[in-house]
Amino acid sequence: MEIKKYDVVVIGGGGAGLRTAIEVAKDPNISVALVSKVYPTRSHTGAAQGGMNAALGNVIPDDSPEVHAYDTIKGSDFLADQDAVFFMTEKAPEIIYELDRWGVPFSRLPDGRIAQRPFGGASFPRTVFAADKTGHVLLHTLFEQALARDNITFFNEYFLLDLIHDGERVKGVTIYDIRNGEVLFLQAKAVVLATGGFARIYWFRSTNAIGNTGDGQAVALRAGVPLKDMEFIQFHPTGLAKTGILLSEACRGEGGYLLNKEGERFMKRYAPDKMELAPRDIVSRAIETEIREGRGVGEGARAYVYLDLRHLGEEKIKERLPQVRQLAIDFEGVDPAKELVPIRPSAHYCMGGIHVENYKTSETPLKGLYAVGECACVSVHGANRLGGNSLTELVVFGKYCGMAVREFVKETDFAPVSESEPKKSEEFIEELMKREGNESLAQVRAQMGEITWAKMGIFRDEKSLKEAYDELSELLERWNNIPVVDKAKVFNTNLIEVLELRNMLELARVVAYSALHRRESRGGHSREDYPQRDDKNFLKHSLVYYDKNGNLKLEYIPVRITKYKPEERKY
Ligand SMILES: Cc1cc2nc3c(=O)[nH]c(=O)nc-3n(C[C@H](O)[C@H](O)[C@H](O)COP(=O)(O)OP(=O)(O)OC[C@H]3O[C@@H](n4cnc5c(N)ncnc54)[C@H](O)[C@@H]3O)c2cc1C
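Just so we're clear, the structure is a prediction, and the values are computed from it rather than from any experiment. (Residues numbered from 1 in each chain as written. Predicted model: local features only at pLDDT ≥ 70, side-chain atom pairs only at ≥ 80, totals over all residues. Heavy atoms only, no water.)

Asks: What am I meant to see in the site of the ligand here?
Replies: Taken together, 39 residues form the shell around the ligand, and within it Ser36, Ser43, His44, Thr45 and Glu374 come nearest. Between the ligand and Thr45 there is a distance of 2.5 Å, counted from an oxygen atom to a side-chain nitrogen or oxygen. Within the side chain of Asp215, a nitrogen or oxygen atom sits 2.8 Å from a nitrogen atom of the ligand. Isolated, the ligand exposes 1,000 Å² of accessible area, and the fraction of that covered by the protein chains is 98%. Elements that contribute at least two residues to the shell around the ligand include exactly α1 (15–24), β2 (32–36), β7 (158–165), β14 (341–350) and α10 (389–411). It is α10 that provides the largest number of residues to the shell around the ligand, a total of four residues. Across the shell around the ligand, the residue classes break down as 14 nonpolar, 21 polar and four charged. (Near = heavy atom within 4 Å. Polar contact = N/O pair within 3.5 Å; in protein donor to acceptor, adjacent residues only side chain to side chain. Areas by Shrake-Rupley, 256 points an atom, 1.4 Å probe, with all protein chains shown as cover. Helix = DSSP H or I, 4+ residues; strand = E, 2+ residues; numbered from the N terminus. Nonpolar A, V, L, I, M, F, W, Y, C, P; charged D, E, K, R; others polar.)

Asks: Just checking my understanding: could you explain α1 for this structure?
Replies: Working note: α-helix, 3.6 residues per turn, so residues spaced by three or four point in the same direction. For α1, a buried count of 10 out of 10 residues is recorded, marking the element as mostly surrounded by other parts of the structure. Along α1, the residues that are buried comprise Gly15, Ala16, Gly17, Leu18, Arg19, Thr20, Ala21, Ile22, Glu23 and Val24. (Buried < 20%, exposed > 50% of the residue type's maximum accessible area, 1.4 Å probe, protein only.)

Asks: Is there a simple way to explain the packing of α1 against α10 in this structure?
Replies: Relative orientation and spacing of two packed helices are given, respectively, by the angle between their axes and the distance between those axes. For the pair α1 and α10, interaxial distance at closest approach is 7 Å and the crossing angle is 35 degrees. Relative to α10, the crossing made by α1 is right-handed. Here α1 contributes Gly15, Ala16, Arg19, Thr20, Glu23 and Val24 to the contact with α10, which in turn contributes Leu394, Val395, Gly398, Lys399, Cys401, Gly402, Met403, Val405 and Arg406. Across the contact of α1 with α10, the residue classes tally to seven nonpolar, four polar and four charged. (Axes fitted to C-alpha atoms, helices over the stretch in contact; angles between N-to-C directions. Left-handed = near helix turned anticlockwise from the far one by under 90°. Contact = heavy atoms within 4.5 Å.)

Asks: Got a minute to help me understand the packing of aromatic side chains in this structure?
Replies: Think of a pair of aromatic rings as described by two things: how far the centres are apart, and how the planes are tilted against each other in angle. Going through the model one piece at a time under the given rule, you end up with 17 aromatic pairs. Between Tyr469 and Tyr513 the ring centres are 5.7 Å apart and the planes differ by 35 degrees, which places this aromatic pair in the tilted class. With Tyr469 in helix α13 (residues 462–479) and Tyr513 in helix α14 (residues 493–517), this pair connects stretches of sequence that are 44 residues apart. Exposure remark for Tyr513: the relative accessible area of 14% places this residue in the buried category. An aromatic cluster is present here, built from Phe87, Tyr359, Phe397 and Tyr400 joined pairwise through their rings. Cation over ring: Arg117 sits above Phe129, and NZ or CZ is 3.8 Å from the ring centre. Positioned above the aromatic ring of Phe538 is the side chain of Lys540, whose terminal nitrogen or guanidinium carbon lies 5.6 Å from the ring centre. (Phe/Tyr/Trp six-rings, centres within 6.5 Å; stacked < 30°, edge-to-face > 60°. Lys NZ or Arg CZ within 6 Å of the ring centre and 35° of its normal.)

Asks: Explain helix α9 (residues 322–332) here, please?
Replies: Every buried residue of α9 is accounted for by Val324, Arg325, Leu327, Ala328 and Glu332. Taken around the axis of α9, the buried residues stretch over an arc of 165 degrees, which confines them to a single face. Packed against the buried residues of α9 are β11 (233–240), α6 (250–253), α8 (314–320) and β14. Gly333 sits one or two positions beyond α9 and adopts a positive phi of about 75 degrees. (Arc of directions from axis to C-beta.)

Asks: Sorry if this is basic, but what is going on with the UniProt feature "binding site: substrate" (unreviewed entry) in the chain here?
Replies: UniProt marks His236, Ser248, His348 and Arg385 with the feature "binding site: substrate" (unreviewed entry), using the numbering shown here. Mapped onto the elements of the fold, His348 is located in strand β14. Assessed through its relative accessible area of 11%, His348 is described here as buried. Beyond its immediate chain neighbours, meaning those up to four positions away, His348 contacts Ala199, Thr207, Asn208, Gln234, Phe235, His236, Leu246, Arg280, Glu374 and Arg385. (UniProt positions renumbered as here; feature names shortened; annotations may be inferred.)

Asks: Looking at this structure, how should I read the UniProt feature "modified residue: Tele-8alpha-FAD histidine" (unreviewed entry) in the chain?
Replies: Residues given the UniProt feature "modified residue: Tele-8alpha-FAD histidine" (unreviewed entry) here are His44. Mapped onto the secondary structure, His44 falls in the loop between β2 and β3 (52–53). For His44, the contacting residues outside a window of four places in its chain are Thr207, Asn208, Ala209 and Asn212.

Asks: Please clarify how the sheet that holds strand β19 (residues 552–558) should be interpreted in this entry.
Replies: In any sheet, the strands associate via hydrogen bonds between backbone groups, in a parallel or an antiparallel arrangement. The mixed open sheet is built from five strands, whose spatial order is β17-β15-β10-β18-β19. If you trace the sheet from one side to the other, it starts and ends with β17 (376–377) and β19, each paired once. The pairing of strand β15 (residues 353–355) with β17 spans two bridges and is classified as parallel. Note that in β17 the partner of Ile354 across the bridge is Ala376. (Pairing = 2+ DSSP bridges.)

Asks: Just checking my understanding: could you explain unusual backbone geometry for this structure?
Replies: Most peptide bonds take the trans form, and the phi angle of most residues other than glycine is negative. The peptide bond linking Val378 to Ser379 adopts the cis configuration, its omega dihedral lying at 15 degrees. Considering the arrangement of structural elements, one finds Ser379 in the loop between β17 and α10. Phi at Phe78 is positive, roughly 70 degrees, even though this residue is not glycine. In this structure, Phe78 sits in the loop between α2 (65–75) and α3 (82–102). At Ser362, a residue that is not glycine, the phi angle is positive and equals roughly 65 degrees. Along the chain, the position of Ser362 falls in the loop between β15 and β16 (369–371).

See the structure below:
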């Protein structure tokens, strides 16, 4: 097996991985390997549309990092760690200006300053954007910056297999070369996981890229690192009805309405003040409630409500929402400038992730292991993320993680590692390739998609979650009988999909497990049998990990509350 040595290995070529790698590589003496299963510019960050939040106060000068922090904490249903939120909102403006200097083509006000648009749950127009292609331009600018640094080596189209560690310290990673089927060991002093989210566990209705399968989280879990707040999944209100493809929150930010089949702006009954610009958890539940009570169009899985953009006019739609318009035309067959757009909530974002212990450095409990971006749980989003706060999180925590990693590797040596440790990953792949069995990848994955949507979706209860947990455990067993039918070594996408499915099943089961034990409703976690938020018993983060016998264990840790006492959340 080939062994290569780098001071730092970053897994993930999205916004979080690239921003971290750029920061680490500022020291030319540090070598960085950047591993990505897709070519970096195809990472899901490139699909982000609406924008990113920073209190620049360019539209309304009253905005400030403090108001941004308050909105984020309230949006989180008071589960976010408040010191971490303040850290993010205070650093956000400087990082936006840095991106501006690096060449991100932000949309402008007539006087040339960076424009800002309103977004859900925000007190002021705070979201900076580049039309509705913010993630795309952010990702490409960061990729250019990373390419410019000679001490970053790219491993494009390599798949993370395992963390090599001794329970206390990480020693590197094993990766699979998708182009030729070889397994490599990258020895490292520090490893940064930046592998993105896992909303694809909702296989049939997700805004996420097909590759958002939570590989980094699953690998961390198997290495004994706890996952935090996994029960909190965000459903985006405006997925296209037929496909679940996202229409950005910018649609409502720019003034779009939501209508039921009677043509009524129903949000007045759910969030009379903020209306369509209430946070996503509230709007998604409102839409599902309209559908359940018969005010949606159609019934069951195919039901929907409408997004109305017609009053914005064709010119504004083409200037501010060109991608949204094209998506609606291509995938739903309607032109939003002229027609109503059928929409329904779609699984979008994972608030939970790898337990970060120190928000200033992004360290996890395993020494030398860091986590940044959607795969991490810092936690700045708590029980519900505000739109536009994820891209901000990537670049703020990416930068500061990079700084911390730079210091760490200067003071640290490579940990000794025996040949047999990384060898296990190679043997695992060899066995998997030989495996025989009569289960079908497509069928098991489809069943996962049905279970997650029906039993641990927007609404849940004890019975549905128990069933989800049991049925997902059974699917995990069945995974052992899924053969890799394609025996090729070159670009074996069948093998990759089998590996991804295991990761998704493990994470989906953790979501069910955490959700089952959180007997309250908070943010994106809505229990029909416990409809109230219960601060007395559940104002705390959940941590799930495997014990020595391979059983899931659950613990709780306190939420760090510094400035804002929990209050009832009204919009
Ligand atoms: C359609 C859509 C629109 C969005 N719009 C917005 C928005 O307007 N504003 C906002 O703030 N947020 C938005 N979000 C959320 C935000 O875009 C994501 O949370 C964020 O981009 C995630 O970035 P990341 O760097 O953590 O991960 P990603 O960009 O998903 O990148 C993950 C990287 O990890 C790599 N990787 C994963 N698994 C492996 C493996 N096994 N081996 C090797 N590499 C691996 C991938 O190749 C990829 O490079 C949106 C999300 C979606 C889906």
